[in-house]
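# Structural description and commentary
What follows is the residue order along each chain.
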Amino acid sequence: MRHRSWVSVLLLLTAATACSSGGAAQDGKTELTIATFNEFGYEDLLKEYEAAHPDVKLTQRKTGQAEPHHKNLFTKMAAGSGLADIEAIEEGYLSQVMSKSSQFNDLKEIGPQVDGRWLPWKYDAVVKDGKIIGYGTDIGPLAMCYRKDLFDKAGLPSDPEGVKALFATWDSYFATGDQFIAKSGGVAWFDSAAQVFNAMHNQHEVGYFDKSDKLVVETNPAIKSDWTAVTGAVAKGQSAKLAAWSKEWEAGFKTDAFATKTCPSWMLGVIEKQAGPENKGKWAVADAFPNGGGNWGGSYLTVPKQGKNAKKAAEVAAWLTAPEQQIKAFKAKGTFPSQVAALTDPALLDSTNAYFGDIKAGALFAERAKKVARAQYKGPTDGQIQDTVFSPALLSVEQGKNTDEAWKTAIAETQKVAK
Amino acid sequence: MTAVLTRPDRGRVEEDPRPRYRLSSLDTKVSPYLFVAPFFVLFAAVGLFPLLYTAYVSLFDWELGADERTFIGLDNYSTLFTDGQFWNALFNTFSIFLLSSVPQVIVAVLLAALLAANLRGRTAWRMGVLLPYVASLVALAIIFGSLFGPQYGLVNDVLTTIGLPRIDWQANTFGSHVAIASMVNWRWTGYNALIVLAAMLAIPREVTEAAVVDGAGPVRRFFSITLPMLKPTIVFVIVTSTIGGLQIFTEPKLFEPAGGSGGGAEHQYQTVVLYLYQSAFQHFDLGYASAIAWTLFMIIIAVAGLNFWLTRRAVR
């Protein structure tokens, strides 16, 4: 015990000295840190920026996953120090960040002129009280992925054009699901109720909160009707009942557990990895999504007020999120750009995906990105309601709980989380 | 060192109050405390201070990262005592605790009795029971999570092969508790067995030999001699496993297949510490999480005290 305490104190001290650097370095350079998670594809870009700006030294702090990155972000926000000059924020945590927007710089005020750079819905999500909190990096426009071979077996059209009609609306999607499971011999229509519900939910103009941050989960008819549609499909056996990101969900891609998947651009990589080379050519992606478009994922770069060199940090963030740079990041790590100009770049439009039958994935998702109608207004605890209330509630229905009881529990827990 | 060296001179120098003496007397009185001080200073910094600060935080509506925090007195506690999710978490914690600690202590004592016998390759056997403890807890939880997978898990495959119905280890409250308890037992039984074994080997042979002469059989000897003489060790094992069992976190956290901290879709296996974690780091409600922490602290003290008292009486 005592030894461990000593070691941890030493570690803390080293960490503290390591973190307290920043600001102006000895050689007169301005040192800026940028904290990211997963892969942003910025490694070469940072070197390029340093070469063009000899007075700036950039250090990237990389965290493996989004969750620890944001936990660290919120803890340091609470502590009042320790944040990087530029902090990346994922869309799922944005509502939480926007509710604390006073801790971030208004980039309209300190940053360069960048009007009209992004897709409007991407931009609108980071605007609060006329202030802009972050610069958009990448997005995850939604399409529908499906199993060609299983569609053939069930007598459904399976070519990319033929399936478009099946995926036109949520009604047609669930109706096709009924047809499919009647002939599929035990294969489910979709992977998980929550994966479908969240995509449906994000298409509405008003979600769990209205624009004055009032909880409207009970009075918003759209939520209840989505709930009824999804739980109805579960009752008929359309769901494979696999909680997303679980080991069994991952195994489900290999074991023919389900035939369709709500599919943001980055999901193609997940499917390829989980389904494996033996299933190559079976999965396809359709340029269609029920009831229009949708988005799942993508990030922003923000400049917290804790940093001493906010203006220079904003310049770096603006440069990194310019279309030319995001195209390079796309080439490096496949992050799908959110900038209007980048969506017409030949490097993006000509990119193909061999696993999905050499489809022009870049062009397909660029089209899907334009179909997103709007950014849904997110209340302060929106992300938590989705992750800790509605997704588990739908899972409990899949595990056999009565739909009405699960709905009541979900409403009660939502009110608790939102208090 | 000086303290030891000056001590024999004490009688002589006592009549000679020179300043040098005062210094060495101070040395004698103070330096032992200085030697133990590092531990207590560290404990105050990393143990006592967080403990007291948590009590302070629990009196506020304190949202992680928020601009302002409001003093609300004991409101967090009164909310907590009417919060169904907390009572559910407390029930789950005790259920998992009983399912793990009770079989664990019994098996550990029996295992120790076996290991104390004159076995071939004694050290290998004794080391063997410690192996699960050496393995990484995270790796262990992932393996058990797959074994107890509801749809493709090995345990369900075995159950169906021998004609029993499948169990949804995630949805079924009791099933999930059994799965998590088996993880705990797998890891800790061998460790406790070794502690008991050490105490067992320290029992003087004469007592046992005298009992043999008196005609006591092995079972009688075990219950009338071995067990009573193991009393202090068993009390220790029970108290530590109470403290560990009521704080159980990693196993249920990693048992959640998608990595959340709700402890199942309907909190079937959400323990108190997992609820604490969810309140603090998913709902960012630090005040409430601190109130849970302090309530749990009190419960652990009470239960550990009760266990201490019960085992002392029972094994007497």
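Residues numbered from 1 in each chain as written. Chains lettered and ligands numbered in written order. Predicted model: local features only at pLDDT ≥ 70, side-chain atom pairs only at ≥ 80, totals over all residues.

### Some points on the overall build of chain B
Going by this rule: Going along the chain from the N terminus, every DSSP run of H or I of four or more residues is numbered as a helix, and every run of E of two or more is numbered as a strand. Radius of gyration here uses only the C-alpha atoms, and the compact-globule reference equals 2.2 Å multiplied by the residue count raised to the power 0.38. Partly exposed residues are those falling between the two cut-offs: more than 12 but fewer than 20 other C-beta atoms within 10 Å of their own, whereas 20 or more means buried and 12 or fewer means exposed, with C-beta atoms placed from the backbone. With C-beta atoms placed from the backbone, a contact is any residue pair whose C-beta atoms sit within 7 Å.
Broken down by element type, chain B carries 16 helices and 2 strands. At 26 Å, chain B has a C-alpha radius of gyration far larger than the 20 Å of a compact globule built from 316 residues. Principal-axis analysis of the C-alpha atoms gives chain B an extent of 90 × 75 × 35 Å. For chain B, buried positions account for 31% of its 316 residues. Excluding contacts between residues fewer than 6 apart, the proportion of contacts in chain B whose partners are at least 24 apart in sequence is 69%.

### Some points on the domain arrangement of chain B
Going by this rule: Segmentation of the chain into domains, including their bounds, is taken from an automatic or database domain assignment.
Examined at the domain level, chain B breaks down into domain 1 (4-57) and domain 2 (75-314). Look at where the C-alpha atoms of domain 1 of chain B and domain 2 of chain B centre, and you get two points 40 Å apart.

### Points about the nonpolar core
In summary, soluble globular proteins display a tendency toward joint burial of nonpolar side chains. Convention followed: The term nonpolar core refers to a group of buried residues, namely Ala, Val, Leu, Ile, Met, Phe, Trp, Tyr and Cys, whose C-beta atoms join them within 7 Å.
Among the nonpolar cores identified, the biggest contains 114 residues, and A:I86, A:A143, A:M144, A:V285, A:A317 and A:L394 are the most heavily contacted of them. What A:A143 contacts, discounting residues up to four positions off in sequence, is A:C263, A:V285, A:A286, A:D287, A:A288, A:F289, A:L364, A:F365 and A:R368. Core analysis: the second largest hydrophobic core is formed by 38 residues, B:L80, B:F97, B:V155 and B:I292 among them.

### A look at unusual backbone geometry
All names here are of chain A. Phi angles above zero are rare outside glycine, and D129 is one such case at about 50 degrees. Along the polypeptide, D129 turns up in the loop between strand 5 (127-128) and strand 6 (131-132). A positive phi angle, close to 55 degrees, is found at N291, a residue other than glycine. Relative to the helices and strands, N291 resides in the loop between strand 10 (283-286) and strand 11 (295-302).

### A few points about the interface of chain A and chain B
Cut-off, in case you're wondering: Each residue receives one of three labels: charged for Asp, Glu, Lys and Arg, nonpolar for Ala, Val, Leu, Ile, Met, Phe, Trp, Tyr, Cys and Pro, and polar for the others, Gly being one of them.
Facing the 27 residues of chain A at the interface are 27 residues of chain B. Sorting elements by how many residues they give to the side of chain A that touches chain B places helix 17 (residues 382-398) of chain A first, with 6 residues. Each residue belonging to the side of chain A that touches chain B can be placed in one class, and the counts come to 11 nonpolar, 9 polar and 7 charged.

### Focus: the environment of A:F197
All names here are of chain A. For F197, the location among the structural elements is in helix 9 (residues 193-201). Taking the C-alpha atoms as reference points, F197 and T231, 34 residues apart in sequence, are found 9.2 Å from one another. Not counting residues within four places of it along the chain, the set of residues in contact with F197 comprises D226, V230, F390 and L394.

### A look at the confidence of the model for chain B
Residues and elements named next belong to chain B. In plain terms, the rule: On a range of 0 to 100, pLDDT expresses the predictor's confidence in each residue.
Here chain B shows a mean pLDDT of 88. Residues at 70 or above account for 93%. The secondary-structure element of chain B with the lowest mean pLDDT is helix 1 (residues 2-6), recorded at 46, while helix 4 (residues 75-81) shows the highest, at 95. Here residues 1-6 is modelled with pLDDT under 50, and outside its nearest four sequence neighbours on either side it reaches 6 contacts, counting other chains as well. Interface predicted TM-score (ipTM) for the complex: 0.81; the corresponding pTM is 0.85.

### Observations concerning the packing of helix 5 (residues 84-116) of chain B against helix 13 (residues 231-246) of chain B
Residue and element names in this part refer to chain B. Rules: The convention used is that axes are lines fitted to C-alpha atoms, helices contributing only their stretch in contact, and that angles between N-to-C directions extend from 0 to 180 degrees. We call two directions roughly parallel when the angle between them is under 35 degrees, roughly antiparallel when it is over 145, roughly perpendicular when it lies between 65 and 115, and oblique otherwise. Helix crossings fall into two classes, left-handed where the near helix is turned counterclockwise from the far one by less than a right angle and right-handed where it is turned clockwise.
Two numbers describe how helix 5 lies on helix 13: the axes approach to 9 Å, and their chain directions differ by 150 degrees. With respect to their mutual orientation, helix 5 and helix 13 come out roughly antiparallel. Here helix 5 and helix 13 pass one another in a crossing that is right-handed. On the side of helix 5, the interface is formed by T93, F97, S100, S101, Q104, V105 and A108, while helix 13 contributes V237, I238, S241, T242, G245 and L246. A per-class count over the contact of helix 5 with helix 13 returns 6 nonpolar, 7 polar and no charged.

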